[in-house]
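Letter by letter, the chains look like this.
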Amino acid sequence: MGLNDEVFLKNERQVELYEKAAKISDQVSQYAKVADQEARFLDQTLKVLKRYNYLSIVLPEAYGGEDLSLYEWLLMQVKIAEGDGATALSVGWHLGLLMEIKAEGIWSNSINEFIAKEAAKQKLFNRASTERNTGSPTRGGKPETTAVLGQDVYVLNGRKTFTTMAEKLDYALVSAYMPEEESVSWFLVDMLKEGVSIDRTWDTLGMRGTGSDDLVLDDVLIDSGFHVEHNGNKQSLPKAWLLHIPACYLGIAQAALKDAVTFARSFQPNSLDHPIAKTHQVRQKLGEMNLLLMRSRHLLFDLARRWDEEEQRERLVNEIAMVKVNVTNDAQRVVDLAMRIAGGRGLSKTFNFERYYRDVRAGLHNPPLDDVVYEQLAALALDE
């Protein structure tokens with residue numbers, strides 16, 4: 001068990017899921033350094049996820065899944081992120097899509113059925129919505145990728161950035177602007193289609209192991225049956241599956257605390273007659289780290305439990321946003337404190353501290369963004 005993890009395991013099923021996540025975490029951690037160096041989502045990592053049928057685990061049992069609740073899924077995501085945050089964030093996008101389909105249906109029954117059956121075969125999905133000139137889709141930018149209707153097919157052209165696991169995807173859900181109708185739609189694109197290619201542009205500070213390269217669409221023909229959403233006008237529940245984002249950064253922060261404890265217990269400079277774990281300054285930092293993590297775990301898992309039990313889930317929209325901001329910012333602080341405990345050694349690639357420090361920064365740029373949430377909560381306080 002990790003630090004206080006047992007507090008959140010309520011039954012035998014959750015213990016078994018946690019133990020499975022721990023095995024996945026240990027195995028993907030072996031590839032994290034190479035994935036970070038190469039800025040790729042590795043075949044070895046994907047094989048581990050498939051070996052444990054993790055790509056379908058949230059689905060109902062009829063599709064070979066284990067019908068995870070949000071609470072159960074986040075328990076597993078946090079643990080996997082301890083081994084490699086990039087893996088947890090990457091697979092979180094895929095499984096989040098499946099969680100959304102399971103909760104809401106979101107598209108036609110035929111499309112939902114198709115996605116579920118393909119995921120049951122361990123096929124990999126992700127959305128592709130971000131573009132260089134539009135920035136985050138949550139800001140309302142119109143896609144420059146276009147979809148033009150021909151004879152029963154749509155012709156897609158454009159380029160998507162931040163396409164996580166781009167080289168490994170089987171399908172991408174692509175947003176595109178339809179000029180004739182002056183509207184935005186979503187299309188399910190088979191990555192083996194002619195005209196689909198990957199441009200290896202991913203060269204970032206953190207989360208390098210997500211392999212979020214550019215997806216290029218050059219006259220890609222899409223059957224009208226894979227035009228999955230029109231106008232984006234479907235009413236949906238708050239996207240609680242997005243809590244996989246703070247779960248990821250919580251896992252990274254927990255790994256940083258564990259490594260900081262190990263370092264503090266073992267490092268003894270020649271100026272001391274004991275390891276630095278006995279010094280007041282280091283103990284204060286470790287105590288603050290543990291406090292922040294305890295708070296984050298309770299915020300995240302309590303909200304997940306309430307989501308699973310809540311009949312009127314729309315009431316939780318502000319709390320979902322609040323938890324993301326709290327947990328990701330607390331994770332920043334925890335990893336910063338770990339770096340301070342390690343000192344200059346924390347900058348060395350001999351240790352994992354510097355990778356935690358780089359990866360955790362990405363949480364500030366995942367949705368919902370801090371300024372959007374603060375404005376949302378200000379409007380609530382002002383009763384606007």
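Let us look at the structure shown here. All values reported here derive from a predicted model rather than from experimental measurement.

Criteria and thresholds
- Residues numbered from 1 in each chain as written.
- Predicted model: local features only at pLDDT ≥ 70, side-chain atom pairs only at ≥ 80, totals over all residues.
- Heavy atoms only, no water.
- Helix = DSSP H or I, 4+ residues; strand = E, 2+ residues; numbered from the N terminus.
- Contact = heavy atoms within 4.5 Å.
- Salt bridge = Lys/Arg side-chain N within 4 Å of Asp/Glu carboxyl O.
- Buried < 20%, exposed > 50% of the residue type's maximum accessible area, 1.4 Å probe, protein only.
- Core = buried A, V, L, I, M, F, W, Y, C linked by side-chain atoms within 4.5 Å.
- 1 Å grid on protein atoms, 1.4 Å probe; cavity = no way out; pocket = protein on both sides within 12 Å on 5 of 7 lines; lining within 4 Å.
- Points joined across faces, edges and corners; volume = space filled by probe spheres on them.
- Nonpolar A, V, L, I, M, F, W, Y, C, P; charged D, E, K, R; others polar.
- Polar contact = N/O pair within 3.5 Å; in protein donor to acceptor, adjacent residues only side chain to side chain.
- Expected span 1.5 Å × (residues − 1).
- Phe/Tyr/Trp six-rings, centres within 6.5 Å; stacked < 30°, edge-to-face > 60°.
- Lys NZ or Arg CZ within 6 Å of the ring centre and 35° of its normal.
- Pairing = 2+ DSSP bridges.

1. Observations regarding the side chain of threonine 45
Item 1. Tracing the backbone shows threonine 45 in helix 3 (residues 43-51).
Item 2. Among residues more than four places away in sequence, those in contact with threonine 45 are Val28, Tyr31 and Thr87.

2. Details of the pattern of salt bridges
Item 1. Within the structure shown, the criterion is met by 32 salt bridges.
Item 2. Ionic pairing is found between glutamate 118 and lysine 121, a salt bridge with its closest N-O pair at 3.1 Å.
Item 3. Exposure remark for lysine 121: the relative accessible area of 56% places this residue in the exposed category.
Item 4. For arginine 200, the salt bridge is made with glutamate 167, and the minimal N-O distance between the two is 3.7 Å. Taken together, the residues span a long stretch of sequence, with arginine 200 in the loop between strand 6 (196-199) and strand 7 (213-223) and glutamate 167 in the loop between strand 3 (153-163) and strand 4 (171-178) at a distance of 33 residues.
Item 5. With a relative accessible area of 36%, arginine 200 lands in the partly exposed category.
Item 6. Taken together, the shared-partner salt bridges in this structure form one network comprising Arg40, Asp43, Glu167, Lys168, Arg200 and Asp213.

3. Points about the environment of asparagine 352
Item 1. Relative to the elements of secondary structure, asparagine 352 occurs in the loop between helix 9 (317-342) and helix 10 (353-360).
Item 2. Of the residues examined, asparagine 352 reaches a relative accessible area of 32% and is grouped as partly exposed.
Item 3. Asparagine 352 sits 293 residues away from leucine 59 along the chain, and the two C-alpha atoms are 33 Å apart.

4. What about the nonpolar core?
If you look at soluble globular proteins, the nonpolar side chains tend to sit buried side by side.
Item 1. Judged by nonpolar contacts, the single largest core of 114 residues is most densely connected at Tyr54, Trp73, Leu156 and Tyr249.
Item 2. In this view, tryptophan 73 contacts Tyr54, Val58, Leu68, Gly92, Leu95, Gly96, Met99, Trp241 and His244; residues no more than four positions away in its chain are not counted.

5. Looking at empty space enclosed by the protein
Item 1. Counting across every chain of the model gives four cavities of 30 Å³ or more.
Item 2. Every residue lining the largest cavity is listed: Lys33, Asp36, Gln37, Lys349, Phe351, Asn352, Glu354, Arg355 and Arg358.
Item 3. Contributing elements (two or more residues each) for the lining of the largest cavity: helix 2 (32-38) and helix 10.
Item 4. Taken as a whole, the second largest cavity spans an internal volume of roughly 50 Å³.
Item 5. As for the second largest cavity, its lining consists of Asp5, Phe8, Tyr18, Leu75, Val78, Lys79, Glu82, Gln254 and Phe301.
Item 6. Tallying contributions element by element places helix 4 (residues 70-83) first for the lining of the second largest cavity, with four residues.
Item 7. Of the residues that constitute the lining of the second largest cavity, the class distribution is five nonpolar, one polar and three charged.

6. What about the side chain of threonine 145?
Item 1. Topologically, threonine 145 is positioned in the loop between strand 1 (125-128) and strand 2 (146-149).
Item 2. Polar contacts involving the side chain of threonine 145 include one to the side chain of glutamate 131, which spans 2.7 Å.
Item 3. Setting aside anything within four residues of it in sequence, one finds threonine 145 in contact with Glu131, Asn157, Gly158, Arg159, Lys160, Val174, Ser175, Ala176, Tyr177 and Leu217.

7. Re unusual backbone geometry
Item 1. In this structure, proline 368 follows proline 367 across a cis peptide bond, with omega equal to -10°.
Item 2. Mapped onto the elements, proline 368 comes out in the loop between helix 10 and helix 11 (370-381).
Item 3. One non-glycine residue, alanine 39, lies in positive phi territory at about 55°.
Item 4. As for its placement among the helices and strands, alanine 39 is situated in the loop between helix 2 and helix 3.

8. Some points on helix 6 (residues 109-120)
Item 1. An ideal rise of 1.5 Å per residue puts 16 Å on 12 residues; helix 6 measures up with 16 Å between its terminal C-alpha atoms.
Item 2. In this fold, the buried residues of helix 6 make contact with helix 5 (85-104), strand 1, strand 4, strand 5 (183-190) and strand 8 (227-230).

9. Description of the packing of aromatic side chains
Item 1. Under the counting rule described, the total for this entry stands at 12 aromatic pairs.
Item 2. Between phenylalanine 351 and phenylalanine 353 the ring centres are 6.0 Å apart and the planes differ by 35°, which places this aromatic pair in the tilted class.
Item 3. With a relative accessible area of 29%, phenylalanine 351 lands in the partly exposed category.
Item 4. Note on phenylalanine 353: relative accessible area 2%, which makes it buried.
Item 5. By the ring-pair criterion, three or more aromatic residues cluster together here, those being Phe114, Phe125, Tyr171 and Phe226.
Item 6. Seen from the ring of tyrosine 177, lysine 142 lies directly overhead, with NZ or CZ sitting 4.3 Å from the centre.

10. Re the pairing of strand 4
Item 1. Most of strand 4 is tucked away, with eight of its eight residues classed as buried.
Item 2. The pairing of strand 1 with strand 4 spans four bridges and is classified as parallel. Each bridged residue has a counterpart across the sheet, and for asparagine 126 the counterpart in strand 4 is alanine 172.
Item 3. Of the strand pairs in this sheet, strand 4 and strand 5 are connected by eight bridges, and their pairing is antiparallel. Paired with valine 174 across the bridge in strand 5 is phenylalanine 187.
Item 4. Counting the residues in the hairpin turn of strand 4 and strand 5 gives four residues, including glutamate 182, whose phi is positive at 50°.

11. Some details on the pairing of strand 2
Put simply, side chains in a regular strand alternate between the two faces of the sheet.
Item 1. As judged from the four bridges shared by strand 2 and strand 3, these two strands associate in the antiparallel manner. Across the sheet, residue valine 148 finds its bridge partner in strand 3, namely valine 155.
Item 2. Adjacent in sequence and paired antiparallel, strand 2 and strand 3 are bridged by three residues, among which aspartate 152 carries a positive phi angle near 65°.

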